[in-house]
Amino acid sequence: MGVTGTGAERAITLRQHTGSGSLGRRDDSPAGGVRPAAGDRGQAEAGGGDAVLHPRQPGEERPAHQKHAIVWLVSDFAAFPLSAASLRMLQPRWPGLSAFCSSSPSFLLSFCKHLVRLTLVSILSSFESRLMKLENSIIPVHKQTENLQRLQENVEKTLSCLDHVISYYHVASDTEKIIREGPTGRLEEYLGSMAKIQKAVEYFQDNSPDSPELNKVKLLFERGKESLESEFRSLMTRHSKVVSPVLILDVISGEDELEVQEELPLEHLPEAVLPDVIGISRWLVGYGHNQDFMNVYYQIRSSQLDRSIKGLREHFRKSSSSSGVPYSPAIPNKRKDTPTKKPIKRPGRDDMLDVETDAYIHCVSAFVKLAQSEYQLLTEIIPEHHQKRTFDSLIQDALDGLMLEGENIVSAARKAIVRHDFSAVLTVFPILRHLKQTKPEFDQVLQGTAASTKNKLPSLITSMETVGAKALEDFADNIKNDPDKEYNMPKDGTVHELTSNAILFLQQLLDFQETAGAMLASQETSSSATSYSSEFSKRLLSTYICKVLGNLQLNLLSKSKVYEDPALSAIFLHNNYNYILKALEKSELIQLVAVTQKTAERSYREHIEQQIQTYQRSWLKVTDYITEKNVPVFQPGVKLRDKERQMIKERFKGFNDGLEELCKIQKAWAIPDTEQRDKIRQAQKHIVKETYGAFLHRYGSVPFTKNPEKYIKYRVEQVGHMIDRLFDTSA
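Structure report, in brief. Since this is a predicted model, take the numbers as computed values, not measurements. (Residues numbered from 1 in each chain as written. Predicted model: local features only at pLDDT ≥ 70, side-chain atom pairs only at ≥ 80, totals over all residues. Heavy atoms only, no water.)

What follows deals with the overall build of the chain. If you tally the helices and strands in the chain, you get 28 helices and 0 strands. When contacts within the chain are restricted to residue pairs at least 6 apart in sequence, those whose partners lie at least 24 apart make up 78%. Surface exposure of the chain reaches about 39,400 Å², of which carbon and sulfur atoms provide 52%. (Helix = DSSP H or I, 4+ residues; strand = E, 2+ residues; numbered from the N terminus. Contact = heavy atoms within 4.5 Å. Areas by Shrake-Rupley, 256 points an atom, 1.4 Å probe, with all protein chains shown as cover.)

The first and last C-alpha atoms of helix α21 (residues 566–586) sit 30 Å apart over 21 residues, in line with the 30 Å expected at 1.5 Å per residue. Among the 21 residues that make up α21, 16 are buried, leaving the element largely enclosed by the rest of the structure. One side-chain oxygen of the residue at the start of α21 lies 2.9 Å from the amide nitrogen of Ala 567, identifying that residue as Asp 565. (Expected span 1.5 Å × (residues − 1). Buried < 20%, exposed > 50% of the residue type's maximum accessible area, 1.4 Å probe, protein only. Polar contact = N/O pair within 3.5 Å; in protein donor to acceptor, adjacent residues only side chain to side chain.)

Relative to the assigned elements, Ser 560 resides in helix α20 (residues 534–560). In contact with Ser 560, other than residues within four places in its own chain, are Met 489, Ser 569, Phe 572 and Leu 573.

Following the sequence through the fold, Arg 313 ends up in helix α10 (residues 292–323). Setting aside chain neighbours within four positions, we find Arg 313 in contact with Ala 359, Cys 363, Leu 402 and Glu 405.

Attention shifts here to the packing of aromatic side chains. All told, the structure shown has 19 aromatic pairs when counted by the stated rule. Geometrically, the ring pair formed by Tyr 168 and Tyr 203 is stacked, given 4.5 Å between the ring centres and 20 degrees between the ring planes. Of this pair, Tyr 168 sits in helix α5 (residues 105–181) while Tyr 203 sits in helix α6 (residues 187–207), and the two are 35 residues apart along the sequence. Each member of the pair, Tyr 168 as well as Tyr 203, is classed as buried. Both rings, one in Phe 367 and one in Phe 442, keep their centres 5.4 Å apart while their planes meet at 25 degrees; by these two values the pair is stacked. Here Phe 442 lies in helix α14 (residues 428–445) and Phe 367 lies in helix α11 (residues 349–381), a separation of 75 residues in the sequence. Of the two residues, Phe 367 and Phe 442, both sit in the buried class. Members of the aromatic cluster, connected to one another through ring pairs, are Phe 652, Phe 695, Tyr 699, Phe 704 and Tyr 711. (Phe/Tyr/Trp six-rings, centres within 6.5 Å; stacked < 30°, edge-to-face > 60°.)

The full count for this structure, using the stated rule, is 26 salt bridges. Lys 225 serves as the salt-bridge partner of Glu 222, at 3.6 Å between the closest nitrogen and oxygen. Of this pair, Glu 222 and Lys 225 both sit in helix α7 (residues 212–239), 3 residues apart, roughly one helical turn. Residue class for Glu 222 comes out partly exposed when judged on its relative accessible area of 37%. (Salt bridge = Lys/Arg side-chain N within 4 Å of Asp/Glu carboxyl O.)

Here we take up the packing of α14 against helix α18 (residues 513–522). Contact geometry for α14 and α18: axes closest at 9 Å, N-to-C directions at 90 degrees. Classified by the angle their axes make, α14 and α18 are roughly perpendicular. Where α14 abuts α18, its residues Val 428, Phe 429, Leu 432, Arg 433 and Lys 436 lie against Thr 515, Ala 516, Ala 518 and Met 519. For the contact of α14 with α18, a count of residues per class yields 6 nonpolar, 1 polar and 2 charged. (Axes fitted to C-alpha atoms, helices over the stretch in contact; angles between N-to-C directions. Parallel < 35°, antiparallel > 145°, perpendicular 65-115°, else oblique. Nonpolar A, V, L, I, M, F, W, Y, C, P; charged D, E, K, R; others polar.)

If you check helix α17 (residues 497–509), its first and last C-alpha atoms are 18 Å apart, about what 13 residues at 1.5 Å a residue would give, namely 18 Å. Of the positions making up α17, those classed as buried are Leu 498, Thr 499, Ala 502, Ile 503, Phe 505, Leu 506, Gln 508 and Leu 509.

This part is about the nonpolar core. Counting residues in each nonpolar core, the largest one holds 162 residues, and the members touching the most others are Phe 367, Ile 381, Tyr 544, Tyr 615 and Trp 619. Beyond its immediate sequence surroundings of up to four residues, Ile 381 is in contact with Phe 232, Leu 269, Leu 274, Val 277, Ile 278, Ser 281 and Tyr 297. (Core = buried A, V, L, I, M, F, W, Y, C linked by side-chain atoms within 4.5 Å.)

Non-glycine residue His 420 carries a positive phi angle of around 60 degrees. Assignment of secondary structure puts His 420 in the loop between α12 (384–418) and α13 (422–425). Residue class for His 420 comes out partly exposed when judged on its relative accessible area of 47%. With phi around 60 degrees, Phe 727 is a residue other than glycine that occupies positive phi space. Along the chain, Phe 727 turns up in the segment after α28 (716–724).

Here we come to the packing of α7 against helix α9 (residues 274–286). Where α7 contacts α9, the two axes come as close as 10 Å, and the packing angle between them is 140 degrees. Seen along the crossing, α7 lies across α9 with a hand that is left-handed. Of α9, the residues touching α7 (which contributes Phe 221, Lys 225, Leu 228, Glu 229, Glu 231, Phe 232, Leu 235 and Met 236) are Asp 276, Val 277, Ile 280, Ser 281, Trp 283 and Leu 284. Tallied by class, residues from the contact of α7 with α9 come to 9 nonpolar, 1 polar and 4 charged. (Left-handed = near helix turned anticlockwise from the far one by under 90°.)

Interpretation note: all reported values are geometric properties and have no functional meaning in isolation.
What follows is the structure, given as structure tokens:
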């Protein structure tokens, strides 16, 4: 076994050995390593010759000269690794070592272990003893130094506390000038001074409540708080902006664009001012314990919101009155004329109604956008737990204005219903449609506000649905009960005003099918109407249109009886039925009617043909004179009797008079539809020409008179030309 390390750290100890033997004497030659001290060597030699190592009995103290021999041996073993080579190197110094080791190898191992253990214990014991001495000398010095350091720290802390306390007595004098001059232009410095004053107030309240300094800093704090409140009001008043109508219109129109446009900012406060407003707000909430500034905020912003919407309304009216379309130069060629669809332009007073309607619709959209923007600004300035209440108060004036204007529109519609001015009632339809489309955004904007605020829009929608349904029902009844007055009937049998008005009203309903259907459904009491679908409302609207058309047809039949001439009555009904059919076919009305009335188109065509046949019967009193069934047969070459000649004269005269009379009367009648006019002319011309041609061919050469030109006034072609001029006053 080898032992490595320095000589001082290695040790080989001898264990008790059952055998005898000696290691011999250590060679003290210069090559033999470290010599023992003179006294030790003498003691070793006193034992007689070599230092013989005998086994030690348990409890037996080893002789001194043997101890010295072990020390020498350990010293030599420490200088060499424990191996066969090292033993050979030590052999010259310890002649008996080889024999001693070879006698028992296990003894050598035990000897080494024991020797190392003894050596280490001795070293550690010596180190511990020295450490104890060092510690006993250092600890008192350390404790004394520690006490001195503690005393120094206490003195420094006491001086710091005294400086801190004394600083509170100087706060008033140090900050008075800054507080007196106000926060304008140096808000950060001002708030820093207010923080010092507040800490001074807290100190004197806790430590010296009776100190006059407390009253001084309190007064200064209150003065500073009032200055901050005044500055907040001043900033809001001076820098709050009314949003320009042009910008509002651009924001509204941006929603309708298919392409994504850059969002246009609505700047209510300048960016340079906003940080000061936010800073004052946070200080007043956190340190000023004051909520009055929130009232100031909502009052100022509420006024600006209301003014923005009113400004938009005025801008819209002025622009519409001058050009018909509100124009914004910010986004060229991107604006729609209006959110409503107006396929039919109504002149006169209705133009103003359209302007008012469009202005109101734009104001509703503007309110939503401005309210959203106001809420975003409010969240930066007003504390979170006060935001909903403040926002509720902020929007009240503008919202109340919109609701009041909406109620005025409803009231005007009710008055129009009483006057039977149903075209004015149509203004409710686009507004109601827009309110319903905007309601989801409205609900989102008003989320968190009071229930009374949230219910304002649904209440207005309900009012408009009610008045709209009332208008629809009254219109249908008015169509049915329109009085049959002769002065109100067209002299030429053309389309009646009632028909054109009814069709115009129904055509305009096409733009608001869902809205009109919802109006009708809102008045239904059946269970199916409580959760009506679009299909249900469509069927309701189809049923309503069929009802109006049925009432119109009944009224037209009644009105046609005013005419004394059945032919004119037939022309009147023909014109009105044809107008209704063409109007249905040109629009989506025919598809909507077909939802509940599949045969409506065929039915109208049958009515038109019936009236044509009725009209054609008016010509029988002309053609009956010349039909073969009313004329006796004359044999050729047989001389006519006077009675027969007179009969032929009467036939020609009756035909001529009847033709002239009918052409004169019916020339003043009107058939506006060119196709129908030509169809009726051609049919009648064919019948009359064929009958007259046959009669003329038979009796034109018969000598029934000496003056044939008196009775044969018209050739067949002339009769055709006369019929071609029917229904044409210009001919």
